[in-house]
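# Structure assessment
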Amino acid sequence: MTDHTPAPAADGAPAYAGPELIVSGVQPSGALHLGNYLGALKKFVALQDKAPCYLFVADLHAITVWQDPALMAAQTREIAAAYLASGLNPDIATIFPQSAVRAHAEMAWIFNCVARVGWLDRMTQFKEKSGKHKERSSVGLYTYPVLQAADILIYKATAVPVGEDQKQHLELTRDIAQKFNNDFGAPGYFPLPEPLIQGPGARVMSLRDGKAKMSKSDPSDMSRINLMDDADTISKKIRKATTDPLPVPETIEGLADRPEVDNLVGIFGALADKTKAEVLAEFGGQGFGAFKPALADLAVARLAPIGDEMRRYMSDPAEVDRLLARGAERASLIAEPVLEETRRLVGFWRSRG
């Protein structure tokens with residue numbers, strides 16, 4: 001059985017002695033919003049004391065579509081600031097830029113030669129992102145899921161926090177791991193990671209359209225709550241969020257065919273660590289004139305301090321850079337030995353000196 005226990009951290013942080021290791025990342029391609037916080041950052045914070053977490057800023061993934069080079073470094077720091085402001089402890093969780101650990105890219109090339117074209121042709125996200133002109137898309141966008149597999153398996157991660165829209169990519173990671181193990185006579189070398197998608201807030205929808213996912217690419221800023229929004233802006237966006245004339249339902253069944261209401265109830269539950277049923281027990285039968293102010297107060301209480309802390313970190317880029325460099329060093333301690341053993345299994349030349 002492969003040992004997934006990481007080596008001691010470079011700065012003396014205690015190593016985790018258990019069998020699990022968690023990997024995930026967020027792209028530096030725009031302002032983070034409530035959906036990113038509830039679907040990713042809040043969950044990362046809850047996981048950091050349960051297993052070693054390797055949480056990167058996914059800058060290699062970001063350049064699969066055009067990014068302004070003049071903004072990339074600042075955007076990377078902003079994602080790192082969001083990680084830290086949300087409660088991640090850099091002495092416990094390893095936070096780093098993906099491109100700073102070069103083993104990610106080399107492992108991705110090896111996996112490009114293991115994955116099959118037919119597997120990638122079935123990836124629905126490429127079809128959605130490339131639209132009607134896929135021939136104009138970068139090759140990187142097409143092979144994006146293979147890089148994801150490298151991100152995960154370079155640390156031999158056993159668990160990956162993913163949204164439902166990424167679950168297909170994790171299945172591809174498992175296929176690549178299994179095929180590599182079989183092709184190179186190394187049973188159990190790469191684990192078959194499991195998705196972590198349970199819990200509230202896994203999929204937060206637009207405040208304007210309950211059938212569309214909250215997105216930083218939506219042209220309407222009113223469709224999302226950005227982590228850097230101030231208290232007044234957060235309150236305004238919730239007050240103006242789309243609902244309907246009916247009161248808040250009293251049962252879960254009453255949320256059917258009311259996507260905007262379902263979304264707001266889900267957001268309240270995720271922020272308050274309550275189930276939708278518990279939220280409805282408190283507000284069922286009331287109008288949105290009562291529910292929306294309560295949700296606004298809760299959102300301000302939870303999110304405004306994060307925005308303030310993000311601004312504090314972003315005012316000291318040298319400190320953020322120091323933490324990112326330290327994280328990259330720690331991540332490399334795990335990634336480089338895995339890459340070297342993978343190179344040996346593939347049969348690449350190694351010096352006998």
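As a starting point, this report considers the structure included with it. (Residues numbered from 1 in each chain as written. Predicted model: local features only at pLDDT ≥ 70, side-chain atom pairs only at ≥ 80, totals over all residues. Heavy atoms only, no water.)

## So, the pairing of strand β1 (residues 22-26)
Test applied: For every residue, the accessible area obtained with a 1.4 Å probe (protein chains only) is divided by the maximum for its type, and the residue is called buried under 20%, exposed over 50%, and partly exposed between those limits. Labels follow the DSSP assignment, with helices taken as runs of H or I lasting at least four residues and strands as runs of E lasting at least two, numbered in each case from the N terminus. A pair of strands is considered paired only if DSSP assigns at least 2 bridges between the two.
The element β1 is extensively covered by neighbouring structure, given that four of its five residues are classed as buried. In the sheet, β1 pairs with strand β2 (residues 53-57) via five bridges, with the strands oriented parallel. Counterpart to V23 in the pairing with β2 is Y54.

## Considering the packing of helix α1 (residues 34-47) against helix α11 (residues 259-272)
Rules: A fitted line through C-alpha atoms serves as each axis, taken over the contacting stretch for helices, and the angle formed by two N-to-C directions is quoted from 0 to 180°. Roughly parallel means an angle under 35 degrees; roughly antiparallel means over 145; roughly perpendicular covers 65 to 115; every other angle is labelled oblique. Should the near helix be turned counterclockwise from the far one by less than a right angle, the crossing is left-handed, whereas a clockwise turn marks it as right-handed. Between two residues, a contact is recorded if the distance between any of their heavy atoms is within 4.5 Å. Any residue outside Ala, Val, Leu, Ile, Met, Phe, Trp, Tyr, Cys, Pro, Asp, Glu, Lys and Arg is labelled polar, Gly included; the first ten of those are nonpolar and the last four are charged.
For the pair α1 and α11, interaxial distance at closest approach is 11 Å and the crossing angle is 45 degrees. In terms of orientation, α1 and α11 fall into the oblique class. The chirality of how α1 crosses α11 is left-handed. Mapping the contact onto sequence places L34, Y37, L38 and K42 in α1 and I267, A270 and L271 in α11. Residues of the contact of α1 with α11, tallied by class, amount to six nonpolar, no polar and one charged.

## Side note on empty space enclosed by the protein
What counts here: Whether a set of points on the 1 Å grid over the protein atoms alone is a cavity depends on a 1.4 Å probe fitting there but being unable to get out, while an open set qualifies as a pocket with protein on both sides within 12 Å along at least five of seven lines; lining residues are those with an atom within 4 Å of a point. Grid points are joined across faces, edges and corners, and a volume is the space filled by probe spheres set on the points.
If you walk through the whole model with that rule in mind, you get three cavities of 30 Å³ or more. If you go around the largest cavity, the residues you meet are A80, L84, P90, A93, T94, I95, V320, L323, L324, R326, G327 and R330. Only α3 (69-85), β3 (94-97) and α14 (317-346) provide two or more residues apiece to the lining of the largest cavity. The biggest single contributor to the lining of the largest cavity is α14, with six residues.

## Describing the environment of D308
For clarity, the cut-off: Side-chain atoms alone can form a polar contact between residues adjacent in sequence; in general such a contact is a pair of N or O atoms within 3.5 Å, and within protein one must be able to donate a hydrogen while the other accepts it.
Its place among the elements puts D308 in helix α13 (residues 288-314). Within the structure, the side chain of D308 is placed 3.0 Å from the side chain of R311, a separation counted as a polar contact.

## Focus: the pattern of salt bridges
Applicable threshold: Any Lys or Arg side-chain nitrogen located within 4 Å of an Asp or Glu carboxyl oxygen qualifies as a salt bridge.
This model, assessed by the stated rule, comprises 17 salt bridges. As a salt-bridge pair, D321 and R77 come within 2.7 Å of each other at their nearest N and O atoms. Of this pair, D321 sits in helix α14 while R77 sits in helix α3, and the two are 244 residues apart along the sequence. Judged by relative accessible area, D321 falls into the partly exposed class, the value being 32%.

In short, the description is geometric, and any link to function would need to be established separately.
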